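# A structural walkthrough
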Amino acid sequence: MSTAPGLRQTLCYGALGLPLAMAALPLYVHLPQRYAQAGLSLELLGGLLLAARLADAGIDPLLGAWTDRMPRRGPPLALALAMLAGGLFGLMHPPSQGAAAWLLLFMLLTFLGFSLATIVHQSWGTEVGGTAAGRTRLTASREGFGLLGIVLAAALPGLLSADLARGLSLLAWLYPLLVLGAALLAWRGAPALPGRVAVAPARLAAGMGQAWRNPRFARLLAVFAVNGIAGALPATLVLFFVADVLQAPQWSGPLLALYFLAGALGLPLWVRLARRLGRMRAWTLGMLLAAAAFAGTLGIAAGDVALFALVCLLSGLALGADLALPAALLADIAEADAGARQAHGAGAYFGWWNLVAKLNLALAAGIALPALAWLGYAPGATGPAARAALTGAYCLLPLALKLLAAALAWRWRRLLEIRT
């Protein structure tokens, strides 16, 4: 496809990002607290989350290369969405006995469906974007709908029930209908998928390794990894921070909604800034804004809801840059490589990309939670030592990592900016 999709096609393509992102919030934010309340220790919970996320991340490059070899992307997408809806339903209904085994089983099922659906959706946008500007708009549409999905996932449980656990249960019942509606809208209105997405390599391993032969990809992935860890730590710990430092757990839903809504509303700003300044410069600016927001969090004390809402607003605006710009840069890199080889390979690129994104979250859960327990923090603890440990993990380390990622992005900005 040589021309960029129109507005209607762009919006229909992005619509599928809404239910995918709705699943991500319970998986990466609510799940630790949900199963801690079910009786799992932080050490066991952190270990299970780390194991499941490592297993999930490890299969992403294989899934990506496999989808590149498929004659059509539609059947893998349908299978993935069914697995995702069923797995999420199981996760939101833990049993009274055997919660650890239940958590591991349904995490693996849900993560597999989520991974496959995400890779197919990302590759679809890369292959039909037409131009760099078109791919940026498709990425922004996908991530914008994703942020709206996260806002819904943050707000709906509280609207459905005053009890968060019951609200999450009701959300899991509604979720399959949302998936079906968004999938039909994307399938009927988005740019048509190519009938033959790739020339299959001689071996699956060849497709998996193609991305690493591209020096641009390796450097972009390094920036993405450092920046991603900086964002994964607060995402894992935000509910604990709101409950035990801010001491306002009743505000957790509205604060999350504000954060993600700010990200969605800020997406057009980052698209315009990218057009004026270049995507690497705009992304660097977003990282610096996030670092400033983290620095402001250091002064938070019990009851400072308004101040923390401002932090959520600023860091949410910065989130828009993280969502729209690096994935669009990757799409350009993948498409340029595909043009040189005369074979599509976006799935393999996004497989490795998603592996790193999930490793970031796995490290945040598998290291931060046990480390907090070792430092003496437990859910519900509000003493000075517990607050200091939680504040350091939530604020100081992400601040340092954001600044490092911004420095790397600025250093490599000319190499990674592809204009087509």
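These remarks concern the structure in this document. Note that the structure is predicted; figures quoted are calculated from it, not measured. (Residues numbered from 1 in each chain as written. Predicted model: local features only at pLDDT ≥ 70, side-chain atom pairs only at ≥ 80, totals over all residues. Heavy atoms only, no water.)

### A look at the overall build of the chain
Here is the rule: For the purposes of this entry, the term helix denotes a DSSP run of H or I that reaches at least four residues, the term strand denotes a run of E that reaches at least two, and both are numbered from the N terminus. The globule rule used here is 2.2 Å times the number of residues to the 0.38 power, and the radius of gyration it is set against is calculated over C-alpha atoms. We call a residue buried when its accessible area falls under 20% of the maximum for its residue type, exposed when it is over 50%, and partly exposed in between, using a 1.4 Å probe and counting protein chains only. Throughout, a contact is declared for two residues whenever any of their heavy atoms are within 4.5 Å. Note on areas: Shrake-Rupley with a 1.4 Å probe; residue coverage comes only from the protein chains shown. Under the convention used here, Asp and Glu are negative, Lys and Arg are positive, and both His and the chain ends fall outside the count. Charge positions are represented by NZ for Lys, CZ for Arg, CG for Asp and CD for Glu.
Helix and strand counts for the chain stand at 15 helices and 0 strands. Computed over its C-alpha atoms, the radius of gyration of the chain comes to 20 Å, within 12% of the 22 Å expected for a compact globule of 420 residues. Referenced to the eigenvectors of the C-alpha coordinate spread, the extents of the chain come out at roughly 60 × 45 × 35 Å. Counting all 420 residues of the chain, 58% fall into the buried class. Contacts spanning at least 24 positions in sequence make up 85% of the contacts within the chain whose residues lie at least 6 apart. In the structure as shown, the chain presents an accessible area of about 16,200 Å², 69% of it carried by carbon and sulfur atoms. Each charge sign in the chain was given a centre, from 29 positive and 14 negative side chains, and these centres are 9 Å apart.

### Side note on the environment of Gly-134
Take Gly-134: it is sitting in helix α6 (residues 132–160). Counting along the chain gives 124 residues from Gly-134 to Thr-10, while the straight-line C-alpha distance between them is 8.7 Å.

### Some points on the pattern of salt bridges
Using the following cut-off: For this analysis, a salt bridge means a side-chain nitrogen from Lys or Arg found within 4 Å of a carboxyl oxygen belonging to Asp or Glu.
This structure, assessed with the given rule, holds 4 salt bridges. The closest approach of N and O atoms between Glu-143 and Arg-142, which form a salt bridge, is 3.4 Å. Residue classification places Glu-143 among the buried residues on the basis of a relative accessible area of 16%. Looking at Arg-142, the relative accessible area reads 7%, which means it is buried. Between Arg-279 and Asp-332 there is a salt bridge, with its nearest N and O atoms 2.4 Å apart. Of this pair, Arg-279 sits in helix α11 (residues 279–297) while Asp-332 sits in helix α12 (residues 305–341), and the two are 53 residues apart along the sequence. A single burial state applies to Arg-279 and to Asp-332, both of which are buried. Via salt bridges that share partners, Arg-135, Arg-279 and Asp-332 belong to a single interconnected network.

### Thoughts on the layout of surface pockets
Operational definition: Computed over the protein atoms alone on a 1 Å grid, cavities are sets of points where a 1.4 Å probe fits but cannot get out and pockets are open sets with protein on both sides within 12 Å along at least five of seven lines; a residue lines them when it has an atom within 4 Å of a point. Grid points are joined across faces, edges and corners, and a volume is the space filled by probe spheres set on the points. Three classes are used, and their members are as follows: Ala, Val, Leu, Ile, Met, Phe, Trp, Tyr, Cys and Pro are nonpolar, Asp, Glu, Lys and Arg are charged, and the others, Gly among them, are polar.
Quantified by volume, the largest pocket comes out at close to 420 Å³. When the residues that make up the lining of the largest pocket are grouped by side-chain class, the tally is 12 nonpolar, 8 polar and 1 charged. Taken together, 16 residues line the second largest pocket, and the ones lying closest to its centre are Arg-137, Ala-140, Ser-141, Leu-267 and Pro-268. Elements with a contribution of two residues or more to the lining of the second largest pocket: α1 (7–15), α6 and α10 (252–277). With 6 residues, α10 is the largest single contributor of residues to the lining of the second largest pocket. Residues of the lining of the second largest pocket, tallied by class, amount to 11 nonpolar, 4 polar and 1 charged.

### So, helix α14 (residues 384–411)
Stated precisely, the cut-off is as follows: What a helix should span is 1.5 Å times the count of its residues minus one. Note that the bend at a residue is defined as the angle between axes fitted to the seven residues ending at it and the seven residues starting at it.
Helix length check: α14, at 28 residues, gives a terminal C-alpha distance of 40 Å against a target of 40 Å (1.5 Å per residue), a fit within 8%. A bend of about 35 degrees at Gly-392 is the largest found in α14.

### Some thoughts on the packing of α6 against α10
Rules: Between the N-to-C directions of two axes lies an angle of 0 to 180 degrees, each axis being a line fitted to C-alpha atoms and, for a helix, fitted only over the stretch in contact. For this classification, under 35 degrees means roughly parallel, over 145 means roughly antiparallel, 65 to 115 means roughly perpendicular, and everything else is oblique. Each crossing gets its handedness from the near helix: less than a right angle anticlockwise from the far helix is left-handed, clockwise is right-handed.
Where α6 meets α10, the axes come as close as 8 Å, and the angle between the chain directions of the two elements is 165 degrees. Relative to α10, α6 is oriented roughly antiparallel. Like other packed secondary-structure pairs, α6 and α10 cross with a definite hand, here left-handed. Contacts between α6 and α10 involve Ala-140, Glu-143, Gly-144, Leu-147, Leu-148, Ile-150, Val-151 and Ala-154 from the former and Gly-253, Leu-256, Ala-257, Phe-260, Leu-261, Gly-263, Ala-264, Leu-267 and Val-271 from the latter. By residue class, the composition of the contact of α6 with α10 is 13 nonpolar, 3 polar and 1 charged.

### Details of a nonpolar patch on the surface
What counts here: Surface patches are drawn from residues lacking salt bridges whose relative accessible area is over 30%; two like charges belong together within 9 Å, two nonpolar side chains (Val, Leu, Ile, Met, Phe, Trp, Tyr) within 5 Å.
A cluster of nonpolar side chains, contributed by Leu-307, Leu-310, Leu-313 and Leu-314, occupies part of the molecular surface with about 290 Å² of accessible area. Within the secondary structure, Leu-310 is located in helix α12.

### Section: the nonpolar core
To be explicit about the condition: The term nonpolar core refers to a set of buried residues drawn from Ala, Val, Leu, Ile, Met, Phe, Trp, Tyr and Cys, joined through side-chain atoms within 4.5 Å.
Grouped together as the largest cluster of nonpolar side chains are 134 residues, with contacts concentrated most on Leu-91, Leu-103, Leu-237, Trp-283 and Phe-308. Excluding residues within four positions of it along the chain, Leu-91 makes contact with Leu-27, Leu-31, Tyr-35, Trp-102, Leu-103, Phe-106, Met-107 and Thr-110.

### Examining the packing of helix α9 (residues 215–244) against α11
Orientation of α9 relative to α11, taken along the N-to-C sense of each, is 30 degrees, at an axis distance of 13 Å. By the angle class used here, α9 and α11 are roughly parallel. The chirality of how α9 crosses α11 is left-handed. For the pair α9 and α11, contact is made by Leu-220, Val-223, Phe-224, Asn-227, Ala-230, Pro-234 and Phe-241 and by Trp-283, Met-287, Phe-294 and Thr-297, respectively. A class-by-class count of the residues in the contact of α9 with α11 yields 9 nonpolar, 2 polar and no charged.

### Considerations on unusual backbone geometry
Although it is not a glycine, Gln-247 sits at a positive phi angle of roughly 55 degrees. As for its position among the elements, Gln-247 is in the loop between α9 and α10.

### Topic: empty space enclosed by the protein
In this approach a probe as big as a water molecule rolls over the atoms, and the regions it shows empty are the leftover space. In this structure the tally under the stated criterion is 3 cavities of 30 Å³ or more. Space inside the largest cavity adds up to approximately 1,300 Å³. For the lining of the largest cavity, the residue count by class is 32 nonpolar, 11 polar and 5 charged. Along the walls of the second largest cavity sit His-30, Gln-33, Arg-34, Gln-37, Leu-164, Ala-165 and Leu-168, which together make up its complete lining.

### Considerations on α11
For α11, which comprises 19 residues, the first-to-last C-alpha distance of 27 Å matches the rise-based estimate of 27 Å (1.5 Å per residue) to within 8%. For α11, the complete set of buried residues consists of Arg-279, Met-280, Ala-282, Trp-283, Thr-284, Gly-286, Met-287, Ala-290, Ala-291, Ala-293, Phe-294 and Thr-297.

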